Amino acid sequence: MTETTHQQSPRAGDGDRSPEYRLAQNALKGLRQDLFHDPFAYRPLGPRPTTGPILRLVPARTRTAAERLPHAVVGAIALLTLLIGAVSGSEPGGDARALLSGLLCALPVAATLTRPIGAFWLSIAVSPVTALLNGGGHDWPWMPGAFVSHLTVLVVVALRTRPRTAVWMWVVTAAYAVLADVFMGGSYYYTNGGPMLVTSAFALLVVCLWHVRHTARQEVTAQQTVTEQERSRRTLLEERTTIARELHDVVAHHMSVVAIQAEAAPYRVENPPEELERAFATIRENAVAALTELRRILGVVRAEDYEAPDAPQPTLADLDALLVNVRDAGLTVEKAVTGAVRELPQGVELSAYRIVQEALSNSLRHAPGASARVEIGYVLGGLGVRVVNGPMPEPSLVKPSPGAGHGITGMRERVAMLGGEMTAGPTEDGGYEVAVFLPVTAADKGDA
């Protein structure tokens, strides 16, 4: 088969465009995105983070109040610009024009809390209006109140956005200052465009440096978090490897010895009884099965990424083989199944099997010689499992083996993982009962 490659022809004029042209095009695209794309969108200022080292030392009530500290600072500056704008006109605070001038100066500052880009454009629009309202003033194009207002808006908006937006705001401010001086500043003998550009340039430079430092700190923190996670993961893998090695050295060794001795024991006795041979065969089968399960678990523990084992997991269909094995070990057990037998999700089947297995093992250890009963109930909402054993007969040649209680804990963990319920405790006749309900949702039934 021949592979054909189609190359897209360049658009007309792309080959003639110089790098300078593309740079200017990208710059204008950034200007449109930062200052002209939905400038009056609602973007409220969020609470200040209180996770700093200093704020952790203050009381909780003070820490909660500190969350609104930026809002309080902006509100205080808005009030200050209101006062400056009202008292710096031709008739300071003496007429409605002075009050209106103050309100116009304070409005863009307050707008930075909810609509930052819109506040910048509002500040640009307010500057000539306040200058016209105070026709007798000597400052152009920014009256004192408008000067403080616009400088505050530049700083707050730059803090809330990014350095590129700060650069574009300064460029627009410079363009406005030049146009105001050329076309509208004839009646004024003093212009404060230069002081505004110099002061705002230094202020925005500080803000941009803060942004760079803040971004660098976030990147360092993220890198440290990743490094810490990798270190924790490596430590966990080392611990899992150590556990796997200890399990192999201790449990696997002893189980191998038990299997070998159980296989060789009948040959050490001349004409051994059939019951003795069957008992040793059962011991060896159990030891080999335990070794197989142990090797599978060790493989999971040693693996970096857990994957579902390829070997099929036991289900309730394998329960009869388990009961045969337990009967060969000396436990009299019977099984009762109620309800319509159906296939359940793999997790429910495996958990039910392991719970029955652990309960019967507990009966063998703690009540040797007693009888047990396993009840499996298929109900509409799930599966019920009940394992109960009677009291240990008296006298008994086999003594009970004490346990650490890990079996019951493991059962509860399996049941909790599936959202089920479990009760375990002694019965009135001196035996022990384990009752479990494992829910099966409609989605699980469909999956099954």
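Scroll up to find the structure this text is about.
Residues numbered from 1 in each chain as written. Predicted model: local features only at pLDDT ≥ 70, side-chain atom pairs only at ≥ 80, totals over all residues. Heavy atoms only, no water.

Colleague: What's the story with the packing of helix α5 (residues 116–133) against helix α6 (residues 144–160) in this structure? I'm lost.
Modeller: How two helices sit against one another is set out by the angle between their axes and by the gap between those axes. Viewed as axis vectors pointing N to C, α5 and α6 meet at an angle of 170°, and their least axial separation amounts to 9 Å. With respect to each other, α5 and α6 are oriented roughly antiparallel. Read as a crossing pair, α5 and α6 show a hand that is left-handed. Contacts from P116, I117, A119, F120, S123, I124, S127 and T130 in α5 reach A146, S149, H150, V153, L154, V157 and R160 in α6. Grouping the constituent residues of the contact of α5 with α6 by class yields nine nonpolar, five polar and one charged. (Axes fitted to C-alpha atoms, helices over the stretch in contact; angles between N-to-C directions. Helix = DSSP H or I, 4+ residues; strand = E, 2+ residues; numbered from the N terminus. Parallel < 35°, antiparallel > 145°, perpendicular 65-115°, else oblique. Left-handed = near helix turned anticlockwise from the far one by under 90°. Contact = heavy atoms within 4.5 Å. Nonpolar A, V, L, I, M, F, W, Y, C, P; charged D, E, K, R; others polar.)

Colleague: Quick question: what am I supposed to make of the nonpolar core here?
Modeller: Side chains that are nonpolar tend, in soluble globular proteins, to be buried together. Ranked by size, the top nonpolar core spans 34 residues in total, and within it L35, F120, W142, V153, A158 and M169 carry the most contacts. At the level of secondary structure, the elements contributing two or more residues to this core comprise α1 (19–36), α3 (69–87), α4 (96–111), α5, α6, α7 (163–184) and α8 (193–264). Excluding anything up to four places from it in sequence, A158 contacts A166, M169, L204, V207 and H211. Counting residues in each nonpolar core, the second largest holds 30 residues, with L316, L319, V374 and V434 among its members. (Core = buried A, V, L, I, M, F, W, Y, C linked by side-chain atoms within 4.5 Å. Buried < 20%, exposed > 50% of the residue type's maximum accessible area, 1.4 Å probe, protein only.)

Colleague: So what exactly am I meant to see when it comes to the packing of aromatic side chains here?
Modeller: One pair of aromatic rings is described through two measures. These are the centre distance and the angle between the planes. This structure, assessed with the given rule, holds three aromatic pairs. Seen in terms of ring centroids, F120 and W121 are 5.3 Å apart; in terms of plane orientation they differ by 65°. Their pairing is edge-to-face. Owing to a relative accessible area of 22%, W121 belongs among the partly exposed residues under this scheme. Consider the rings of W142 and Y176, whose centres lie 5.4 Å apart with planes at 70°: the pair is edge-to-face. Residue W142 is located in the loop between α5 and α6, and its partner Y176 is located in helix α7; the two are separated by 34 residues in the primary sequence. Taking relative accessible area as the criterion, W142 reaches 0% and is therefore assigned buried. Among the aromatic residues, those joined into a cluster by ring pairs are F36, F120 and W121. (Phe/Tyr/Trp six-rings, centres within 6.5 Å; stacked < 30°, edge-to-face > 60°.)

Colleague: Before we go on, may I ask you to explain the pattern of salt bridges in this structure?
Modeller: Following the criterion strictly, the structure yields eight salt bridges and no others. Ionic pairing is found between R386 and E375, a salt bridge with its closest N-O pair at 3.1 Å. Residue R386 is located in strand β3 (residues 382–389), and its partner E375 is located in strand β2 (residues 371–379); the two are separated by eleven residues in the primary sequence. Judged by relative accessible area, which is 28%, R386 ranks as partly exposed. Residue E375 is classed as partly exposed on the basis of its relative accessible area, which comes to 25%. Measuring nitrogen to oxygen at the nearest pair gives 2.5 Å for the salt bridge that ties R386 to E433. (Salt bridge = Lys/Arg side-chain N within 4 Å of Asp/Glu carboxyl O.)

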